[in-house]
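Here is how the chains run, residue by residue.
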Amino acid sequence: MGLDRELEADVFEELDAEHQIELVRSRTDAEAARLLATMAPDDAADLIVELDQDHRLPVLQLLPGAQQRKIRTLLNYNPETAGGLMSPDFLCLAESTPISNVLEAVRSSTAPPEALAVVFARGDDGRVTGSASVVRLIQAAPTGTLGSVVRPNPAHVHPDWDLHAVTRKMTDFNLTVAPVMDEQHRMVGVITVDDVLEMLLPTGWRRDFGMTSVDD
């Protein structure tokens, strides 16, 4: 049974969004929750809104607590705003963190790999003070601090910005990872360039152009 569930989760992950929705809708609440539990919170949130109204809450309540809280937060936003697009998983560490510790945090983080391409620094007040690519961190002396290598005042977006505003900001500043900040400049999430591209591409593009897994 365990192997069957692992295989189903692997296959599910490779499906395009349309077929993922069909599969989740065809499952019981418990089975749907088990599949969604394998996904990143932002992707799981996108699927939950596609469920019938009377199934959304039962499925949500069956998810692990930490993931459930993240998904509930994301569901508060319009799906086509920065808040709806963002992932709540990222690394934002104190400026005083030694670079060796920052790299260890990257290695042990469960955030999506694309979100870990950039690490953010925060001051004592919790406000974001800068950002540094993982490449820059690897090249820096391990005894230095995160605050000593970050670029100050990183370009950012706010949760209520629409897709076009997010796209313009990421294009203008050549961002692969855009921090989403609240009015106090505290981070609430990140948007990666693949999230934006997926929203901009026509519906069904992944399926029509062979983005699903196939045997060579």
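The rules we used
- Residues numbered from 1 in each chain as written.
- Predicted model: local features only at pLDDT ≥ 70, side-chain atom pairs only at ≥ 80, totals over all residues.
- Heavy atoms only, no water.
- Buried < 20%, exposed > 50% of the residue type's maximum accessible area, 1.4 Å probe, protein only.
- Helix = DSSP H or I, 4+ residues; strand = E, 2+ residues; numbered from the N terminus.
- Pairing = 2+ DSSP bridges.
- Right-handed = clockwise from strand over helix to strand, strands pointing away.
- Core = buried A, V, L, I, M, F, W, Y, C linked by side-chain atoms within 4.5 Å.
- Contact = heavy atoms within 4.5 Å.
- Axes fitted to C-alpha atoms, helices over the stretch in contact; angles between N-to-C directions.
- Nonpolar A, V, L, I, M, F, W, Y, C, P; charged D, E, K, R; others polar.
- Salt bridge = Lys/Arg side-chain N within 4 Å of Asp/Glu carboxyl O.
- Polar contact = N/O pair within 3.5 Å; in protein donor to acceptor, adjacent residues only side chain to side chain.
- Arc of directions from axis to C-beta.
- Patch = residues over 30% accessible without salt bridge, like charges linked within 9 Å, V, L, I, M, F, W, Y side chains within 5 Å.
- Areas by Shrake-Rupley, 256 points an atom, 1.4 Å probe, with all protein chains shown as cover.
- Lys, Arg positive; Asp, Glu negative; His and termini not counted.
- Charge placed at Lys NZ, Arg CZ, Asp CG, Glu CD.
- Parallel < 35°, antiparallel > 145°, perpendicular 65-115°, else oblique.
- Left-handed = near helix turned anticlockwise from the far one by under 90°.
- pLDDT = per-residue confidence, 0-100.

Engineer: Explain the pairing of strand β2 (residues 118–122) to me, please; I cannot follow it from the model alone.
Structural biologist: It is a general feature of regular strands that their side chains alternate between the two faces of the sheet. Across the five residues that make up β2, a large majority, four, are buried. With three bridges joining them, strand β1 (residues 92–94) and β2 adopt parallel strand pairing. If you follow Cys92 over to β2, its bridge partner there is Phe120. In terms of handedness, the path from β1 via helix α8 (residues 99–108) over to β2 forms a crossover that is right-handed. Inspection of the sheet shows β2 paired to strand β3 (residues 128–133) by five bridges, in the antiparallel sense. In the sheet register, Phe120 faces β3, and the bridge partner there is Ser131. Remark: five residues form the turn of the hairpin made by β2 and β3, two consecutive strands paired antiparallel; Gly126 in that turn has positive phi of roughly 90 degrees.

Engineer: I'm lost on the sheet that holds strand β4 (residues 151–152) in this one. Help?
Structural biologist: By definition, the strands of a sheet pair up through backbone hydrogen bonds, in either a parallel or an antiparallel sense. Across the sheet, which stays open at both edges, the four strands sit in the order β1-β2-β3-β4 with mixed pairing between neighbours. Where the open sheet ends on each side, the last strands, each with one partner, are β1 and β4.

Engineer: For this particular structure, what's the right way to read the nonpolar core?
Structural biologist: Nonpolar side chains tend to gather and get buried jointly when the protein is soluble and globular. With 32 residues, the main nonpolar core has Leu36 and Ile191 as its most contacted residues. For this core, the secondary-structure elements that each account for two or more residues are α2 (17–25), α3 (29–36), α4 (41–48), α5 (53–61), α6 (65–74), α7 (82–85), α11 (163–172) and β5 (177–181). Apart from residues lying up to four places away in sequence, Leu36 is in contact with Val24, Ala44, Leu47, Ile48, Val59, Leu63 and Gln67. Listed in part, the 17 residues of the second largest apolar core include Ala105, Val106, Ala121 and Leu146.

Engineer: So what exactly am I meant to see when it comes to the packing of α5 against α6 here?
Structural biologist: Between two packed helices, both the angle of their axes relative to each other and the distance between the axes serve to describe the pair. The N-to-C vectors of α5 and α6 enclose an angle of 140 degrees; their axes lie 9 Å apart at closest approach. Between α5 and α6, the residues in contact are Leu57, Leu60 and Gln61 and Gln68, Ile71 and Arg72, respectively. Residues that form the contact of α5 with α6 fall into these classes: three nonpolar, two polar and one charged.

Engineer: Whenever I open this one, the pattern of salt bridges confuses me. Can you help?
Structural biologist: Two side chains of opposite charge can pair, provided their charged atoms sit close to one another. A complete count under the given rule lists four salt bridges for this structure. Here Asp89 makes a salt bridge to Lys70, at a shortest N to O gap of 2.5 Å. Highlighted residues: Asp89 in the loop between α7 and β1 and Lys70 in helix α6, separated in sequence by 19 residues. Given the relative accessible area of 11%, Asp89 is considered buried.

Engineer: Where do I start with the side chain of Thr192 in this structure?
Structural biologist: Here Thr192 is to be found in strand β6 (residues 187–192). Taking relative accessible area as the criterion, Thr192 reaches 5% and is therefore assigned buried. Here the side chain of Thr192 touches Asp195 through a polar contact of 2.9 Å, side chain to side chain. Not counting residues up to four positions away in its chain, the partners in contact with Thr192 are Glu114, Ala115, Met170, Thr176 and Val177.

Engineer: I tried to follow α3 on my own but got confused; where do I start?
Structural biologist: Given 3.6 residues to a turn, an α-helix orients residues that are three or four positions apart in the same direction. All of the buried residues along α3 are Ala32, Ala33, Leu35 and Leu36. Buried residues of α3, viewed axially, fall in a sector of 160 degrees; they line one side.

Engineer: In this structure, what is going on with a negative patch on the surface? I would like to understand it.
Structural biologist: The grouping of Asp43, Asp46, Glu114 and Asp194 at the surface amounts to a negative patch. With respect to the element layout, Asp43 can be found in helix α4.

Engineer: What exactly am I supposed to notice about the packing of α11 against helix α12 (residues 193–200) here?
Structural biologist: The geometry of α11 relative to α12 is characterised by a closest axis approach of 11 Å and an angle of 135 degrees between their N-to-C directions. Relative to α12, the element α11 lies oblique. Seen from above, α11 lies across α12 with left-handed handedness. Residue-level inspection shows Leu163, Val166, Thr167 and Met170 of α11 in contact with α12, the latter providing Val193, Val196, Met199 and Leu200.

Engineer: Can you help me understand the confidence of the model for the chain in this one?
Structural biologist: For any part of a model where pLDDT is low, the fine detail of the predicted coordinates should not be relied upon. Chain-level pLDDT for the chain is 87 on average; 88% of the residues reach the 70-or-more range. Of the regions scoring below 50 in pLDDT, residues 209–216 engages in seven contacts with residues more than four places distant in sequence or in other chains.

Engineer: Would you mind showing me how to read α11 here?
Structural biologist: Turning to α11, its buried residues are Leu163, Ala165, Val166, Thr167 and Met170. Where α11 is buried, its residues contact α7, β5, β6 and α12. Here α11 starts with a cap whose side-chain oxygen sits 3.2 Å from the backbone nitrogen of His164, and that cap is Asp162. Among the residues trailing α11, Asn174 stands out with phi positive, at a value near 55 degrees.

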